[in-house]
Amino acid sequence: MAKTLIITTTSRQEKYIDLIPQLQSLLENETDLIANLANTAAALRQTFGFFWVGFYLVKDNQLVLAPFQGDIACTRIPFHKGVCGACYTQEKTLIVPDVEKFEGHIACSSLSKSEIVIPIIQNNKVVAVLDVDSDELDDFSEIDKKYLEEIGVILASILHF
Ligand code: SME
């Protein structure tokens, strides 16, 4: 049975605080990995209107496109390429205020201007990354880092990657 997200707040921080418990209960009622990643991407897009939001899974010794919301995107990213690859190898969240200034950035869309990528860590290994792109410069802050990392921890605790 589909649920409706109820987000009544306006600031980005308040929206995360509204969203996270609703997302958690949505995920806890389903065990399928792809279904849950798909709803997480949709919930983030629906709540914040992000330009692109989605997952890359660690598979075949590279990052492979998984559920997302937005325009079509690069399907496979080597571990040493792009912001996603850097997030994977450094095992930490990367905030890129201006993608043109990030050496090696992979432009899936020329409209993407800033980006945040969060590693999802399960059993001490990065199993996926959550990538969010904006069509505005400098759109991500420590607030996004804090709550998107919280979402990453919830995903790692509930799902079997
Ligand atoms: N920009 C990313 C590639 C993925 S797309 O933005 C969806 C990167 O540099 O890794």
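Residues numbered from 1 in each chain as written. Predicted model: local features only at pLDDT ≥ 70, side-chain atom pairs only at ≥ 80, totals over all residues. Heavy atoms only, no water.

With respect to the packing of aromatic side chains
Okay, step 1: In the structure shown here, the tally under the stated rule is seven aromatic pairs.
Okay, step 2: Judged by centre distance (4.4 Å) and plane angle (40°), the ring pair of Tyr 16 and Phe 48 falls under tilted. Within this pair, whereas Tyr 16 is found in helix H1 (residues 12-28), its partner Phe 48 is found in helix H2 (residues 33-48), the two being separated by 32 residues in sequence. A single burial state applies to Tyr 16 and to Phe 48, both of which are buried. (Phe/Tyr/Trp six-rings, centres within 6.5 Å; stacked < 30°, edge-to-face > 60°. Helix = DSSP H or I, 4+ residues; strand = E, 2+ residues; numbered from the N terminus. Buried < 20%, exposed > 50% of the residue type's maximum accessible area, 1.4 Å probe, protein only.)

A closer look at the environment of Ala 66
Okay, step 1: Note on placement: Ala 66 falls in strand E2 (residues 62-69).
Okay, step 2: For Ala 66, a relative accessible area of 11% gives the class buried.
Okay, step 3: If sequence neighbours within four positions are ignored, Ala 66 has contacts with Phe 55, Tyr 56 and Leu 57. (Contact = heavy atoms within 4.5 Å.)

Regarding the nonpolar core
Okay, step 1: By size, the foremost hydrophobic cluster in this structure holds 32 residues, and its most contacted members are Leu 44, Leu 130 and Leu 148.
Okay, step 2: Secondary structure elements with two or more residues in this core: H1, H2, strand E1 (52-59), strand E5 (114-122), strand E6 (125-134) and helix H4 (142-158).
Okay, step 3: Other than its neighbours up to four places away in sequence, Leu 148 contacts Tyr 16, Leu 44, Ile 116, Ile 118, Leu 130 and Val 132.
Okay, step 4: Among the nonpolar cores identified, the runner-up in size contains 18 residues, and Phe 51, Trp 52, Ala 86 and Val 99 belong to it. (Core = buried A, V, L, I, M, F, W, Y, C linked by side-chain atoms within 4.5 Å.)

Considering the pairing of E5
Okay, step 1: Of all nine residues in E5, eight are buried; the element is thus mostly enclosed.
Okay, step 2: Where strand E4 (residues 94-96) meets E5, three bridges bridge the pair, whose relative direction is antiparallel. Residue Ile 95 lies in a different strand from E5, and its bridge partner there is Ile 116.
Okay, step 3: In terms of strand pairing, E5 meets E6 through nine bridges, oriented antiparallel. Among the inter-strand pairings, Gln 122 is bridged to a residue of E6, identified as Lys 125.
Okay, step 4: Taken together, E5 and the strand that follows it, E6, pair antiparallel across an intervening segment of two residues, in which Asn 123 is found at a positive phi of about 50°. (Pairing = 2+ DSSP bridges.)

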